[in-house]
Amino acid sequence: MTHHQPSYKKPLLLLALLTIMAIFINISLGSVSIPFKEVIAGLFTGTTNKTSWDYILFNYRIPKAITAIAAGGGLAISGLLMQTVFRNPLAGPFVLGLSSGASLGVALLILGAGAFGGIFGILLGNSWSLVIAAALGSFLVLLAVLAVTLKVKDTMAILIIGLMFGSVTAAVVGVLSYFSNAEQLQQYIFWSFGSLGDQSWTGIAILITCFIVGLVIALATSKSLNALLLGENYAKSMGLNIKKQTLFIILATSILAGSITAFAGPIAFVGLAVPHLTRQIIKTSNHLILIPAVTLMGAILLLVCDTIAQIPFSEYTLPINAVTSMVGAPVVIWLLVRKRKLLF
Amino acid sequence: MASETPHTRIAIQDLNIGFTSKKEQKSIAKNITFSCKEGELIAIIGPNGIGKSTLIRTVTGMQKPISGRITISEVAMSDLSPHALASQISVVLTEAPASKNVTVYELIALGRQPYTNWLGVLSQADKDAVSRAITITETTALQHKKCFELSDGELQRVLIARALAQDTPIIILDEPTSHLDLYHKAYVLKLLQRLCKEQGKTILFSTHEIGIALSLVDKMLVLQEGGISFDTPTCLAQQGIFNTLFPSNTIDFDTDTMQFRVNN
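My aim in this report is to walk through the structure given alongside it, one point at a time. By convention here, each chain's residues receive numbers from 1 onward along its written sequence. Each chain is given a letter, starting from A, and each ligand a number, starting from 1, according to the order in which they appear as written. Only residues with pLDDT of at least 70 are given local features in this predicted model, and only at 80 or more are side-chain atom pairs given and counted; all residues enter the totals for whole chains, interfaces and linings. Side-chain metrics in this entry use all non-hydrogen atoms of the structure; hydrogen atoms and water are not considered.

Concerning the sheet that holds strand E10 (residues 227–231) of chain B
Residue and element names in this part refer to chain B.
Consideration 1: In short, DSSP must find at least two bridges between two strands for them to pair. In this text, helices come from DSSP runs of H or I with a minimum length of four residues, and strands from runs of E with a minimum of two, each type numbered from the N-terminal end. Overall, mixed pairing links the 6 strands, which are arranged E6-E7-E8-E3-E9-E10 in an open sheet. Edge positions in the sheet fall to strand E6 (89–92) and E10, since each has one partner strand and no second. For this sheet, the mean inter-axis angle between neighbouring strands, taken without regard to orientation, is 15°.
Consideration 2: Running over the sheet, helix H1 (residues 52–59) touches strand E3 (41–45), E6, strand E7 (170–173), strand E8 (202–206) and strand E9 (219–224) and is turned about 135° from E3.
Consideration 3: The criterion used for residue contact is that any of the two residues' heavy atoms lie within 4.5 Å. Whenever a helix is involved, its axis is fitted only over the stretch in contact; in every case the axis is a line through C-alpha atoms, and angles between N-to-C directions fall within 0 to 180 degrees. Those strands touched by helix H5 (residues 152–165) are E6 and E7, and its axis lies near 170° from that of E6.

This is the structure we're talking about:
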């Protein structure tokens, strides 16, 4: 009798290899051309032939690559979690209104300075204030969503409430924009483009910590996520405490999406598209395998998008949010056309 | 030597089922009393909207009763933790699995959740239980398929396999024969009968297939506007319960052949 589950070690190993390749390509390419040999030497010995290369490598490209890995992996995990919890293939980290919350926080800080003046203007001087505003915004929306989750049983209702949060936020941002001057508007729009670069090592340390905490909670809830694939009633009949587990899952998503949006700005489509792409490669619904797989896939996708955004050997950099949308939307369309339906 | 009397697996006493909200209580059916023993196959029948699904949701612990007592394997249901209940009762519901992307093997293996570790990794004992469930339900050829590739009949067998993998003395099914063709209706009910006879399972299911159920089940719970009856099919027929089940100008029941007949 051969009743067995296939092993998923090979595709996971392949994804890990591809991630390493994507890291090397991402670090090697940029506006300044650094020979590949020097990049390798820099990575392994800590120095290159030129101090300017050292500076670019260790203060710009490597921090940016680390941010890309944490952001891509983190957004992909939260997308996967949201699709399972909300039983909706179109769910992503943004549907809970987390990025809307972050946007509102940032908008209040930048644009509110014009409307209200005073304290906001003083805060704006601090480079950390953007991150704090975005994190606070995400966190407040998270609290609201958690409060709703405790009251409303229906996950579909929570999804709609998340979308409504988004609408209200967009409206408030619209009103604030109307009363703002050109300079403030530009600053807000630049934040909304998203940016993986220019992170301080402290910022990266915080981001990585949030990423690891989110990843660990996600892995710890993987058994519950698997049960939820059958629906809440089946999950309950197998002894699952739905409320508690949903709370943990939403917490993991919020920590991941909130911290990433705070540091790198809103990055679209990674959370939605990566889980679907991963399911094409790894034919399982087991979250214990899917979570590491989407993490690697998300990292690869964002590293590749960032490489494209740099437009190698030119001085221009495209906004990362625009590149992920340009890559992500066709991927979703292609999947829909090929498979005729999106399953989670 | 007299054989040991079989254990009572489910005991329901004066159960009043329905929905409770802050403002009001809406009772759907009341004064329900019956019990199911080890190895018994029991059908719940009655017209749409009489409370079959509500009764099943209440007995499986998904919904609280308004009043009355439910005892599962001699323990009051209110004293059972969700986890303890999961090792007593497994279910097959009318709703399809939320994800259609799950493979058959994965779906059946999810039945092992009450026994697996915190990460849900299958031990050899778990894999053996899954194998047994696959063999009994004849789903070996389906195990690597995904749920969206299955027919209704195949999906029903897979869902029953998942319940079997959960390895509980009691299995409760909500309309396991709906959407199935005649062959599969008979196949599923005969499978349930075999599980009761061979493995001593207690199986409670709701159905509209009274005709097939009559010849296979040990007892029937008949929910009607006029009241609730619980007995063997033969006794119920003698009491004339089946004659009043449907309007007699459309459907008649023949007590001798134990069959329903449509009036011309």
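Quick notes on the pattern of salt bridges
Two side chains bearing opposite charge may form a pair once their charged atoms approach each other closely.
Residue and element names in this part refer to chain A.
Consideration 1: By salt bridge we mean one thing: a side-chain nitrogen of Lys or Arg within 4 Å of a carboxyl oxygen of Asp or Glu. Evaluated as defined, the whole model comprises 6 salt bridges over all chains.
Consideration 2: Note that aspartate 306 and lysine 64 form a salt bridge whose closest N and O atoms lie 2.6 Å from each other. Within this pair, whereas aspartate 306 is found in helix H15 (residues 287–309), its partner lysine 64 is found in helix H3 (residues 51–85), the two being separated by 242 residues in sequence. Lysine 64 shares its class with aspartate 306; the two are buried.
Consideration 3: With a shortest N-O distance of 3.7 Å, glutamate 232 and arginine 87 are connected by a salt bridge. In this scheme, a residue with accessible area under 20% of its type's maximum is buried, one over 50% is exposed, and one in between is partly exposed, where area comes from a 1.4 Å probe on protein chains only.

Concerning the interface of chain B and chain A
Consideration 1: Counting from both sides, the interface comprises 43 residues of chain B and, opposite them, 33 residues of chain A.
Consideration 2: Here chain B packs against chain A, burying approximately 3,100 Å² in sum over the two surfaces, 57% of which is carbon and sulfur.
Consideration 3: Reported buried area values correspond to the accessible surface (1.4 Å probe) lost by two parts on association, with both partners' losses combined. The three residues of chain B that bury the most area against chain A are Ala98, Glu106 and Gln113 of chain B, which together make up 18% of that side's buried surface.
Consideration 4: Counting every contact that joins chain B to chain A gives 0 salt bridges.
Consideration 5: What qualifies as a polar contact is a pair of N or O atoms within 3.5 Å, subject to a donor-acceptor requirement within protein and to the restriction that residues adjacent in sequence count only when both atoms come from side chains. Between the two partners, chain B and chain A, sit 13 residue pairs in polar contact (both at pLDDT 80 or more).
Consideration 6: Gly counts as polar in this scheme, as do all residues outside two lists: the nonpolar Ala, Val, Leu, Ile, Met, Phe, Trp, Tyr, Cys and Pro, and the charged Asp, Glu, Lys and Arg. Taken together, the residues of the side of chain B that touches chain A break down into 22 nonpolar, 15 polar and 6 charged.

Some thoughts on the sheet that holds strand E1 (residues 8–20) of chain B
Residue and element names in this part refer to chain B.
Consideration 1: Strand order in the open sheet made by the 4 strands is E2-E1-E4-E5, with antiparallel pairing throughout. Two strands in the sheet have a free side with no partner beyond their single neighbour: strand E2 (25–37) and strand E5 (75–76).
Consideration 2: Bridging between E1 and E2 involves 9 bridges; their strand directions are antiparallel. Note that in E2 the partner of alanine 11 across the bridge is serine 35.
Consideration 3: Across the face of the sheet, H1 comes into contact with E1, E2 and strand E4 (67–72) while running at roughly 120° to E1.

Topic: helix H4 (residues 124–136) of chain B
Residue and element names in this part refer to chain B.
Consideration 1: An ideal rise of 1.5 Å per residue puts 18 Å on 13 residues; H4 measures up with 18 Å between its terminal C-alpha atoms.
Consideration 2: What H4 keeps buried is the set Asp126, Ala129, Val130, Ser131, Ala133 and Ile134.
Consideration 3: Structurally, H4 contributes buried residues whose contacts are with helix H3 (104–110) and H5.
Consideration 4: Just downstream of H4 lies glutamate 138, where phi reads positive at about 55°. To estimate the expected span of a helix, count its residues, drop one, and scale the result by 1.5 Å.

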